[in-house]
Amino acid sequence: MTRLVTFGVVLIALVIAISFDKYKNVPVSNEQFDIIKKEASHKAHLQELKELEEKRLALLNPVKEEEAAVEEGPLVVLDTPQLVHGSELYKACVVCHGKKGDGKKSQNAPKIGGQMAWYIEKQLVDMKSEARVNKVMMPYLKKLEGNDFKDLAAYISKLPW
Ligand code: HEC
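My aim in this report is to walk through the structure given alongside it, one point at a time. (Residues numbered from 1 in each chain as written. Predicted model: local features only at pLDDT ≥ 70, side-chain atom pairs only at ≥ 80, totals over all residues. Heavy atoms only, no water.)

Our next topic: the packing of aromatic side chains. Applying the stated criterion to the full structure yields two aromatic pairs. Plain terms: the ring middles of Y90 and Y155 are 5.7 Å apart, the flat faces sit at 45° to each other, and that makes the pair tilted. A residue pair is termed long-range when its members are at least 10 positions apart, and Y90 in helix α4 (residues 81-90) and Y155 in helix α8 (residues 148-158) qualify at 65 residues. Note on accessibility: Y90 and Y155 belong to one class, buried. Aromatic pair W118 and Y119: ring centres 6.0 Å apart, planes at 85°, arrangement edge-to-face. The residue whose ring lies beneath K111 is W161, and the NZ or CZ to ring-centre distance is 4.9 Å. (Phe/Tyr/Trp six-rings, centres within 6.5 Å; stacked < 30°, edge-to-face > 60°. Helix = DSSP H or I, 4+ residues; strand = E, 2+ residues; numbered from the N terminus. Buried < 20%, exposed > 50% of the residue type's maximum accessible area, 1.4 Å probe, protein only. Lys NZ or Arg CZ within 6 Å of the ring centre and 35° of its normal.)

Here we come to the side chain of D126. Among the secondary structure elements, D126 is positioned in helix α6 (residues 117-128). Residues in contact with D126, not counting those within four places in the same chain, are A131 and R132. (Contact = heavy atoms within 4.5 Å.)

Glancing now at the site of the ligand. Every one of the 21 residues lining the ligand counts as a neighbour, but C93, C96, H97, Y119 and M137 are closest to it. A distance of 2.8 Å separates a nitrogen atom of the ligand from a polar side-chain atom of H97. Between Y119 and the ligand, the recorded distance is 2.8 Å, taken from a side-chain N or O atom to an oxygen atom. A molecule is said to occupy a pocket when more than half its atoms come within 2 Å of that pocket's grid points, and by this definition the ligand occupies the largest pocket. Taken together, the elements giving at least two residues each to the shell around the ligand come down to α5 (94-97), α6 and α8. The biggest single contributor to the shell around the ligand is α6, with four residues. (Near = heavy atom within 4 Å. Polar contact = N/O pair within 3.5 Å; in protein donor to acceptor, adjacent residues only side chain to side chain. 1 Å grid on protein atoms, 1.4 Å probe; cavity = no way out; pocket = protein on both sides within 12 Å on 5 of 7 lines; lining within 4 Å. Sits in = over half its atoms within 2 Å of the grid points.)

This paragraph deals with the coordination of the iron atom of the ligand. Only H97 (NE2) and M137 (SD) from the protein coordinate the iron atom of the ligand, and they sit 2.0 Å from it. Each of the six donor atoms around the iron atom of the ligand contributes to a set of angles spanning 86 to 179°, which defines the coordination as octahedral. Taken as a pair, H97 in helix α5 and M137 in the loop between α6 and α7 (138-141) lie far apart in primary sequence, 40 residues in all. Both residues of the pair, H97 and M137, count as buried. (Donors = N, O, S within 2.8 Å, 3.2 Å for Na, K, Ca; no water. Tetrahedral: all angles 85-135°; square planar, octahedral: opposite > 155°, others 65-115°.)

This part covers the layout of surface pockets. Computed from the structure, the largest pocket encloses a volume of approximately 590 Å³. As for the largest pocket, its lining consists of 27 residues, of which H97, I112, L124, M127 and M137 are closest to the centre. For the lining of the largest pocket, the element with the highest residue contribution is α6, accounting for five residues. Residue composition of the lining of the largest pocket, grouped by class: 18 nonpolar, six polar and three charged. (Points joined across faces, edges and corners; volume = space filled by probe spheres on them. Nonpolar A, V, L, I, M, F, W, Y, C, P; charged D, E, K, R; others polar.)

What follows is the structure in structure tokens.
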């Protein structure tokens, strides 16, 4: 009996001694207690979040940039009397085709800015003679005559495509 108890005690002591030894050999890293490193990585993380937020806002408000670009200068350099006259006439078309001639879905009006001048002129002449029927544009076409078609076409073709 005593022998058995002694054997048991020795065995337990041995197990404890071995596990202490193992514990001693576990490498201790100070990395997770390095406050300076932690702060730096936290700052980098905040910076990353800030950049992402800026990107998100830029995606949400692309219109603002576009408006700013339009205000930079005239869309077309009006260096001939024809272009000056065309730009005056085009003011009536802006409601449907837009300032830049890029069309409006709400009006079913197609993009015409930058289209070839001869094509625009032909469409306008055809619409007025009703070879091409366009009821919504008719009231505006009635006011056009003579060189108006050519002048309008010249101006519209100069708008950015
Ligand atoms: C009330 C809205 C409206 C106004 C104002 C208007 N248009 Fe249009 N325009 C349209 C619609 C809608 C069409 C498409 C018609 C169709 O489907 O045939 C069109 C088509 C055209 C086309 C033919 C485009 C193509 O690719 O075939 C030209 C060119 C054009 N418009 C020029 C003008 C000009 C120049 C003015 C100003 C004098 C003007 N429009 C004013 C609504 C308008």
